[in-house]
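Reading the structure
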Amino acid sequence: MSSYDQFLILQAESEKPFTNRVGILIIKFYIMSNLKPDLFLLNLRIGNDLIGGITCHLDLGISPTNKMAQGRAEVFQATNPVLYVQSIVTGPYFYMCTMEDCHIRIDLIGYEDSENGSQKNFEATIVLTEDWKTGTANYSFSNNGDWTSLSDQKVQLAENSGILDHGKLADTVKLAEA
């Protein structure tokens, strides 16, 4: 199956069509992850699963070569009015080890892309287990200029992360650090 065919399936399964700039960015990462073996797609969900709670979805392209993460963040809460903040995010990741175990830390900064230019509206520090599947996050976002901070939020793979071999990502990062 070609990358374009996989993209069409991905778009068909998506709740929203990829028609904006952020969607095109995700398409680019998805296609590049199939063409370039050192670029991985990582989809994470941050939240404590509380009914009516705030949830953050991260769609990231991970480059072990550059030790960078780039993509988008969407913060959502089903309230009235609905909370929805979208950011284009980028930042480094770090492989950290102690005597007991190793973790991955991702530091992200996000900017909204609006008619008024780019304004910072998202920050996150995410600590994942060595296999990139679970962890915790502290993050902040701006909604119309009002900043909200959340700490010790549960991080897990989003359900649509099946397109990435997390074992290969974990092995690639481990080998680069050795």
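Since the model is a prediction, treat every value here as computed from it, not as a measurement.

On to the overall build of the chain. Along the backbone of the chain there are three helices and eight strands. Reading the chain from its N terminus to its C terminus gives the helix and strand order α-α-β-β-β-β-β-β-β-β-α. Of the contacts made within the chain by residues no fewer than 6 positions apart, 43% connect residues no fewer than 24 positions apart. Summing over all exposed atoms, the chain offers an accessible surface of approximately 9,900 Å²; the carbon and sulfur share of this is 51%.

Turning our attention to the packing of aromatic side chains. Taken as a whole, this structure holds three aromatic pairs when the rule is applied. Between Phe 122 and Tyr 139 the ring centres are 6.0 Å apart and the planes differ by 35°, which places this aromatic pair in the tilted class. Here Tyr 139 lies in strand S7 (residues 134–143) and Phe 122 lies in strand S6 (residues 117–129), a separation of 17 residues in the sequence. Neither Phe 122 nor Tyr 139 differs from the other in exposure class; each is buried. Within the aromatic cluster, the residues linked to one another by ring pairs are Phe 122, Tyr 139 and Phe 141.

Another point: a nonpolar patch on the surface. Together, Phe 76, Val 82 and Tyr 84 make up a nonpolar patch on the protein surface, roughly 270 Å² of accessible area in all. Mapping Phe 76 onto the fold places it in strand S3 (residues 68–77).

What follows concerns the side chain of Ser 63. With respect to the secondary-structure elements, Ser 63 resides in strand S2 (residues 55–63). Excluding residues that lie within four positions of it along the chain, Ser 63 makes contacts with Asp 38, Leu 39, Met 68 and Tyr 93.

Moving on, we get to the pattern of salt bridges. This structure, assessed with the given rule, holds four salt bridges. For the salt bridge of Asp 59 with Arg 72, the shortest nitrogen-to-oxygen distance reads 2.7 Å. Of this pair, Asp 59 sits in strand S2 while Arg 72 sits in strand S3; the two residues are 13 residues apart in sequence, bridging distant segments of the chain. Since its relative accessible area comes to 13%, Arg 72 is described here as buried.

This part takes up the nonpolar core. Formed by 34 residues in total, the largest nonpolar core has its most connected members in Leu 58, Phe 122, Ile 126, Trp 132 and Tyr 139. Among the elements that make up this core, the one with the highest residue count is strand S4 (residues 83–97) (five residues).

Look at any regular strand and the pattern is simple: side chains alternate between the two faces of the sheet. Relative to strand S8 (residues 146–157), strand S1 (residues 40–46) runs antiparallel, the two sharing three bridges. Paired with Arg 45 across the bridge in S8 is Gln 156. Where S7 lies against S8, nine bridges are found, and the strand directions are antiparallel. Bridging across to S8, Ala 137 finds its partner in Gln 153.

Covalent bonding between the sulfur atoms of two cysteines defines a disulfide. Under the criterion given, the structure shown has one disulfide. With its sulfur 2.0 Å from that of its partner, Cys 97 forms a disulfide with Cys 102. Its S-S torsion of about 105° marks the bond between Cys 97 and Cys 102 as right-handed, since a negative value means left-handed. Overall, Cys 97 belongs to the partly exposed group, its relative accessible area being 47%.

About the thresholds
Residues numbered from 1 in each chain as written. Predicted model: local features only at pLDDT ≥ 70, side-chain atom pairs only at ≥ 80, totals over all residues. Heavy atoms only, no water. Helix = DSSP H or I, 4+ residues; strand = E, 2+ residues; numbered from the N terminus. Contact = heavy atoms within 4.5 Å. Areas by Shrake-Rupley, 256 points an atom, 1.4 Å probe, with all protein chains shown as cover. Phe/Tyr/Trp six-rings, centres within 6.5 Å; stacked < 30°, edge-to-face > 60°. Buried < 20%, exposed > 50% of the residue type's maximum accessible area, 1.4 Å probe, protein only. Patch = residues over 30% accessible without salt bridge, like charges linked within 9 Å, V, L, I, M, F, W, Y side chains within 5 Å. Salt bridge = Lys/Arg side-chain N within 4 Å of Asp/Glu carboxyl O. Core = buried A, V, L, I, M, F, W, Y, C linked by side-chain atoms within 4.5 Å. Pairing = 2+ DSSP bridges. Disulfide = S-S within 2.5 Å.

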